[in-house]
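# What the coordinates show
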Amino acid sequence: MSRKGFGKRVALLVLAVFMLAVVAGCGDGKAPDKVSDGDKDKAGDTIKVGINCELSGQVASYGDNARNGALIAIEEINEAGGVLGKQLEPLVRDNQSKTDEAMNVSAALVDEGMVAQIGPLVSGAVAGSTPVMMENQIPLIAPAATANNVTVDEKTDKVRDYIFRVCYRDSDQGKRMADFAIDTLKVKKAAIFGSTSDDYAKGLAKYFEEEFKAKGGTIVAVEGFMNGDKEFRGPLTKIRGKNPDFIYVPGYYTEVSVLIKQARDLGINVPIGGGDGWDSPDMVKVAGAEALDNTYFTNHYSVEDPDPAIQSFVKAYQAKHKKAPDSFAALGYDSVKLLADAITRADSADPVKIKEALEKTKDFAGITGKMSINEQHNPVKNIVVIEYKDGKQISR
């Protein structure tokens, strides 16, 4: 039970003592804090949407941009009349890039009356929120949590009923980069140098290696680093001695940007690839445009895509935030739009009905691509490969 439900019981107990007539008038055999689906839809003048994001801490860039994208979507929806005749009310909270704080934020947002939650961004923080969302039967839409076990318990193969996402999985993007390396870049020998601190990077490394080997490639070296590391020259020197013609670096931009710069300083000029954790303006700021030439990463969309809907979003984001929207901004935007679509199709702001509508999503047209939600609550969608060229991101 949430603290909100407990608080309602206390309040109603006081009313029972001092206002017996009122209580008697409400006596229908139901627990006093339970309301019908129709009453849930009528309660309040707004539809409250929790936004549980990493606004400080290690991956604050992701959370900040996703929050910005989500708020632009809410503004557009509200300006167009809202959903079910009501305005969406964002409840924005910072989980500080911490798993336990993500859980605390979700519990607080439940008490504030949210009907659904957008975020967190990274898989570990989503795992922190998941028990709260499952217990209270409130859907969570993860914009960018790519670990395979986000929506499915891999030990039991049971789908987590109230957890959804709009991004692809680590297995999808790890395999996509392996295919790109062999089929497009025509490489044969790869090294893997990834973070060992989180399931995200370890998952990418695992799926890349499996696919690369399955397509006839050879892994000549495997090295690892910890999140927070700033010195990579020792392992890079070992990798250089193995003469790979491609290096796969799964991890977050905070370490990857430094690693790539040091690799180029050591004369390692082979193509380097990675995952969507690379997507941050800080990549160019730290590594430098020249060092990033001949590097590639899997991503959710391209800001250069000429599609009118994408360019409309890009224009709105740039006007408000004076910078181009990265994939996390686009995923935050899509998460809110998907939620509004589900509420509309459900014709209800009841969390259980929203969850059921999310499960039935077909051909939703998002900024990050057209998507349908499959039986494991994952989107079926395309994966873009982005190349850095002269400091710019170019879709391949």
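Structural notes, computed from the coordinates. (Residues numbered from 1 in each chain as written. Predicted model: local features only at pLDDT ≥ 70, side-chain atom pairs only at ≥ 80, totals over all residues. Heavy atoms only, no water.)

### A word on the nonpolar core
Counting 97 residues, the largest nonpolar core has Phe208, Phe212, Trp278 and Phe313 as its most contacted members. Look past the residues within four positions of Phe313 in its chain and what remains in contact with it is Tyr301, Pro325, Ala329, Ala330, Tyr333 and Ile367. Of all hydrophobic cores here, the second largest spans 16 residues; its members include Met114, Val126, Ile138 and Ala142. (Core = buried A, V, L, I, M, F, W, Y, C linked by side-chain atoms within 4.5 Å. Buried < 20%, exposed > 50% of the residue type's maximum accessible area, 1.4 Å probe, protein only. Contact = heavy atoms within 4.5 Å.)

### Brief notes about helix α4 (residues 60-79)
Structurally, the α-helix is built with 3.6 residues per turn, so residues lying three or four positions apart point the same way. The terminal C-alpha atoms of α4, which comprises 20 residues, lie 28 Å apart, in line with the 28 Å expected from a rise of 1.5 Å per residue. Most of α4 is tucked away, with 15 of its 20 residues classed as buried. Gly81 sits one or two positions beyond α4 and adopts a positive phi of about 110 degrees. (Helix = DSSP H or I, 4+ residues; strand = E, 2+ residues; numbered from the N terminus. Expected span 1.5 Å × (residues − 1).)

### What to know about the environment of Ile272
Among the secondary structure elements, Ile272 is positioned in strand β11 (residues 272-274). Taking the C-alpha atoms as reference points, Ile272 and Tyr248, separated by 24 residues in sequence, lie 5.8 Å from one another.

### With respect to the packing of helix α14 (residues 327-346) against helix α15 (residues 351-359)
In contact at an axis separation of 8 Å, α14 and α15 are set at 105 degrees when each is read in the N-to-C sense. Here α14 lies roughly perpendicular to α15, going by the angle between them. Judged by residue contacts, Leu338, Leu339, Ala342, Ile343, Arg345 and Ala346 of α14 engage Lys353, Ile354, Ala357 and Leu358 from α15. Taken together, the residues that form the contact of α14 with α15 break down as eight nonpolar, no polar and two charged. (Axes fitted to C-alpha atoms, helices over the stretch in contact; angles between N-to-C directions. Parallel < 35°, antiparallel > 145°, perpendicular 65-115°, else oblique. Nonpolar A, V, L, I, M, F, W, Y, C, P; charged D, E, K, R; others polar.)

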